[in-house]
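Remarks on the overall topology
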Amino acid sequence: MWIRDIDIPRELVEAHRRGELVIFAGAGVSRDDPSSLPDFRHLTEAIVNETQHTATEVELASPDVLLGRLERQAVDIHQRVASHIAVPASSPNLLHEAIVDLAGAKPPVRIVTTNYDLHLSNVLEARGIAVPAFAGPALPVGDDFTGIVYLHGNLTQECSQLIVTDRDFGRAYLTDAWAARFLERMFGKFTVLFVGYSHGD
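For every chain, the first residue of its written sequence is number 1, and the numbers climb from 1 along that sequence. Local features are withheld for residues below a pLDDT of 70 in this predicted model, meaning they are given only at 70 or higher, and side-chain atom pairs are given and counted only at 80 or more; totals for whole chains, interfaces and linings count all residues. Side-chain figures throughout are based on the complete set of non-hydrogen atoms in the structure, without hydrogens or water.

**As for the side chain of Asp39**
When you line up the elements, Asp39 lands in the loop between β3 (21-25) and α2 (40-50). Contacts described as polar in this section are N or O atom pairs within 3.5 Å, which, within protein, must combine one atom able to donate a hydrogen with one able to accept it, while residues neighboring in sequence count only if both atoms come from side chains. Polar side-chain contacts of Asp39 include one of 2.7 Å to the side chain of His42. Put simply, DSSP marks the helices as runs of H or I at least four residues long and the strands as runs of E at least two long, and each gets a number from the N terminus on.

Written as structure tokens, this is what we have:
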């Protein structure tokens, strides 16, 4: 189905009509003004610089591993990540609004994000759309949920609970595997639209 210059797969449109669409938002969603937040690589690079450490391009290509190394060198990584995201001047942008408008056009609302910021929740509230919000590791069942899921945690939590380092990701996806279980069931049940991700993510 063509809308202007964009060919939208019919399967996506039909899933939305059936109420079986999940919008999965990545860091690219929060980069435009007035949000102006960094993606994971640029966030890591900023922390490396401000702590007067060094990192190669190869190391920056694996931000979670690099942040894990810095944590083992007594850098409070989680607090620094939270401080870079909790910027008072940052506010929702047009893409946050478009995501909420799309999700809310045909309830139930199902949004999943790996972002730590609360811009999507703020738009939902501004639109008068009351939905439950979940933050990892306290997630719903992936094939039976509505609302917004902050897969890697958000700024309402203790910053130590954010999924940031390689150790955090290992727990979330391998050892405790709560994130992996959620995603496996979600992908098995719903059609998923990715927004704000690159092909390399």
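**Some remarks on the packing of α2 against helix α4 (residues 63-72)**
Remark: α2 packs on α4, axes separated minimally by 10 Å, with the N-to-C direction vectors making an angle of 25 degrees. Put simply, α2 runs roughly parallel to α4. The hand of the α2/α4 crossing is left-handed. Contacts between α2 and α4 involve Phe40, Arg41, Thr44, Ile47 and Val48 from the former and Pro63, Asp64, Leu66, Leu67 and Leu70 from the latter. Of the residues in the contact of α2 with α4, the class split is seven nonpolar, one polar and two charged. Orientation is described by lines fitted to C-alpha atoms, with helices fitted over the stretch in contact, and by angles between N-to-C directions that extend from 0 to 180 degrees. Roughly parallel means an angle under 35 degrees; roughly antiparallel means over 145; roughly perpendicular covers 65 to 115; every other angle is labelled oblique. A clockwise turn of the near helix away from the far one marks a right-handed crossing, whereas an anticlockwise turn of less than a right angle marks a left-handed crossing. Should any heavy atoms of two residues lie within 4.5 Å, those residues are counted as being in contact. Lys, Arg, Asp and Glu make up the charged group, whereas Ala, Val, Leu, Ile, Met, Phe, Trp, Tyr, Cys and Pro make up the nonpolar group; the residues left over, Gly among them, are polar.

**Some points on the sheet that holds strand β6 (residues 147-150)**
Spatial ordering of the open sheet is given by β5-β6-β4-β3-β7, a layout of five strands whose pairing is parallel. If you trace the sheet from one side to the other, it starts and ends with β5 (133-135) and β7 (191-195), each paired once. When the angles between neighbouring strand axes are averaged without regard to direction, this sheet yields 20 degrees. Two strands make a pair as long as DSSP finds a minimum of two bridges between them. Taken together, the three bridges between β3 and strand β4 (residues 110-113) define a ladder with parallel strand orientation. When the sheet's bridge partners are listed, Ala25 is paired in β4 with Thr113. Sheet strands in contact with helix α6 (residues 94-105) are β3, β4 and β7, and its direction is about 165 degrees off that of β3.

**A word on empty space enclosed by the protein**
Cavity: a set of points on a 1 Å grid over the protein atoms alone where a 1.4 Å probe fits but cannot get out. Pocket: an open set with protein on both sides within 12 Å along at least five of seven lines, its lining residues, like those of a cavity, having an atom within 4 Å of a point. Grid points are joined across faces, edges and corners, and a volume is the space filled by probe spheres set on the points. By the definition in use, this model includes one cavity of 30 Å³ or more. Taken as a whole, the largest cavity holds about 50 Å³ of empty space. Forming the walls of the largest cavity are His16, Leu21, Ile23, Ala103, Lys106, Pro108, Val109 and Arg110. A class-by-class count of the residues in the lining of the largest cavity yields five nonpolar, one polar and two charged.

**Looking at the packing of α6 against helix α7 (residues 119-126)**
One way to put it is that α6 packs onto α7 with a least axis distance of 9 Å and a crossing angle of 60 degrees. The pairing of α6 with α7 is recorded here as oblique in orientation. In the crossing of α6 with α7, the sense of the turn from one axis to the other is right-handed. Residues His96, Glu97, Ile99 and Val100 of α6 form the contact with α7, whose own contacting residues are His119, Leu120, Val123 and Leu124. Among the residues forming the contact of α6 with α7, the class breakdown is five nonpolar, two polar and one charged.

**Points about the packing of aromatic side chains**
Only rings of Phe, Tyr and Trp enter the pairing, Trp through its six-membered ring, and a pair is recorded when the two centres are within 6.5 Å. The plane angle decides the type: under 30 degrees is stacked, over 60 is edge-to-face, the rest tilted. Under the counting rule described, the total for this entry stands at eight aromatic pairs. With a centroid separation of 6.3 Å and an interplanar angle of 50 degrees, the aromatic rings of Phe40 and Phe169 are classed as tilted. Of this pair, Phe40 sits in helix α2 while Phe169 is found in helix α8 (residues 166-175), placing the two residues 129 residues apart along the sequence. Connected via pairs of aromatic rings, a cluster forms that spans Phe24, Phe187, Phe194 and Tyr197.

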